[in-house]
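# Architecture at a glance
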Amino acid sequence: GQSLEQPSEVTAVEGAIVQINCTYQTSGFYGLSWYQQHDGGAPTFLSYNALDGLEETGRFSSFLSRSDSYGYLLLQELQMKDSASYFCAVSLDYKLSFGAGTTVTVRA
Amino acid sequence: SAVISQKPSRDICQRGTSLTIQCQVDSQVTMMFWYRQQPGQSLTLIATANQGSEATYESGFVIDKFPISRPNLTFSTLTVSNMSPEDSSIYLCSVMGLAGEYEQYFGPGTRLTVT
């Protein structure tokens with residue numbers, strides 16, 4: 001089976017940088033994805049890492065270390081609209097297994 | 001990207017009844033997925049629905065409780081049968097993006113409350 005751990009909550013001010021860590025234990029592994037979900041909304045895909053290293057997409061970056069079974073999502077230049085839940089997920093056999101999610105609250 | 005719609009968006013149902021949730025995609029897709037998300041919780045995969053074959057259910061979910069239909073490549077239904085208050089949840093369908101299973105597009109969800 002799959003097990004993913006991420007912090008439950010993070011609070012930061014506008015303009016700050018937030019890092020959301022995700023550690024995983026899986027029976028197999030293709031890659032680590034990140035999804036954003038605003039309250040009452042659908043999850044939306046943010047990024048994916050199949051190989052070790054950093055992937056940058058605008059203000060958001062994601063990192064993966066396969067040897068450490070660890071990844072993180074980096075949110076830079078935080079904006080109020082970034083207040084949401086963020087989920088890491090591992091993909092295996094065409095299916096996604098999600099972590100419990102991290103609620104990010106951005107304060108003015 | 002795919003555009004996905006779900007019906008109904010929300011419903012309040014009495015225990016013991018059943019509700020069928022519809023999922024419509026604006027393009028043909030091979031695989032569709034049904035998830036459950038309890039309030040403030042993560043997403044849990046219920047089953048994978050492939051056109052022309054029986055749905056594949058995850059551990060803890062059975063066909064008698066969550067029958068799924070997949071009549072064509074753009075549509076699927078999930079029925080929540082013999083509901084109890086524990087079934088109160090958000091039910092979401094999703095499809096894979098062209099890049100692979102790691103990129104999924106989700107419908108807006110159906111918020112179900114069982115009284």
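Attention here is on the structure that accompanies the text. What you see is a predicted model, and the numbers here were worked out from it, not measured in a lab. Each chain has its residues counted from 1, following the order in which its sequence is written. Chain letters and ligand numbers both follow the written order, the letters beginning at A and the numbers at 1. In keeping with the predicted nature of the model, local features appear solely for residues at pLDDT of at least 70, side-chain atom pairs appear and are counted solely at 80 or more, and the whole-chain, interface and lining totals rest on all residues. The side-chain numbers reported here are obtained from all heavy atoms of the structure, hydrogens and water having been left aside.

### Remarks on the overall build of chain B
Rules: What counts as a helix is a DSSP run of H or I of at least four residues, what counts as a strand is a run of E of at least two, and both are numbered from the N terminus. Our radius of gyration is a C-alpha quantity, and the globule rule it is checked against amounts to 2.2 Å times the number of residues to the power 0.38. For each residue, the accessible area found with a 1.4 Å probe, counting protein chains only, is set against the maximum for its type, and the residue is called buried under 20%, exposed over 50%, and partly exposed in between. Residues count as neighbours in contact if any of their non-hydrogen atoms are within 4.5 Å of one another. Per-residue and other accessible areas were derived by the Shrake-Rupley procedure at a 1.4 Å probe size, with only the shown protein chains allowed to occlude residues. Counting rule for charge: Lys and Arg are taken as positive, Asp and Glu as negative, and neither His nor the chain ends is counted. All charge positions are set by atom: Lys at NZ, Arg at CZ, Asp at CG, Glu at CD.
A count of helices and strands for chain B gives zero helices and 11 strands. Traced from its N-terminal end to its C-terminal end, chain B shows the element sequence β-β-β-β-β-β-β-β-β-β-β. Over its C-alpha atoms chain B spans a radius of gyration of 13 Å, differing by no more than 12% from the 13 Å that the globule rule assigns to 115 residues. Over its C-alpha atoms, taken along the principal directions, chain B stretches across nearly 40 × 30 × 25 Å. Expressed as a percentage of the 115 residues in chain B, the buried residues total 51%. Counted over contacts in chain B with a minimum sequence separation of 6, partners at least 24 positions apart contribute 52%. Of the roughly 5500 Å² of accessible surface on chain B, 48% is carried by carbon and sulfur atoms. Taking the 7 positively charged and 9 negatively charged side chains of chain B as two groups, their mean positions are separated by 10 Å.

### With respect to the state of the cysteines
Residues and elements named next belong to chain B. For clarity, the threshold we go by: In this description, the term disulfide denotes a pair of cysteine sulfurs within 2.5 Å.
All told, the structure shown has two disulfides over all chains when counted by the stated rule. Each disulfide pairs two cysteine sulfurs, and for C23 the partner residue is C93, the sulfurs being separated by 2.0 Å. Taking the torsion about the sulfur-sulfur bond, which here is approximately 75°, the covalent link between C23 and C93 counts as right-handed. Placement of C23 in strand β3 (residues 19–25) and of C93 in strand β9 (residues 89–97) is noted, with a sequence separation of 70 residues between them. Of the residues examined, C23 reaches a relative accessible area of 0% and is grouped as buried. Free cysteine C13: the closest other cysteine sulfur is in C93, separated by 17 Å. For C13, a relative accessible area of 10% gives the class buried.

### Focus: the interface of chain B and chain A
Basically, it comes down to this: Summed over both partners, the accessible area (1.4 Å probe) lost when two parts come together is defined as the buried area. Salt bridge, as used here: a side-chain nitrogen of Lys or Arg that lies within 4 Å of a carboxyl oxygen of Asp or Glu. We define a polar contact as two N or O atoms separated by no more than 3.5 Å, with the added condition that, inside protein, one atom must be a possible hydrogen donor and the other a possible acceptor, whereas residues neighbouring each other in sequence contribute only through side-chain atom pairs. All residues other than Ala, Val, Leu, Ile, Met, Phe, Trp, Tyr, Cys, Pro, Asp, Glu, Lys and Arg, Gly among them, are scored as polar; the first ten of these are nonpolar and the last four charged.
Taken together, the contact between chain B and chain A spans 20 residues of the former and 18 residues of the latter. Summed over both partners, the interface of chain B with chain A comes to about 1500 Å²; 62% of that surface belongs to carbon and sulfur atoms. If you look at where chain B meets chain A, you find one salt bridge. For K95 of chain A, the salt bridge is made with E58 of chain B, and the minimal N-O distance between the two is 3.1 Å. At the junction of chain B and chain A, the tally comes to four residue pairs in polar contact (both at pLDDT 80 or more). Among the secondary structure elements, those contributing two or more residues to the side of chain B that touches chain A are β4 (31–37), β5 (43–50), β9 and β10 (100–106) of chain B. Looking at the side of chain B that touches chain A residue by residue, the classes come out as 10 nonpolar, six polar and four charged.

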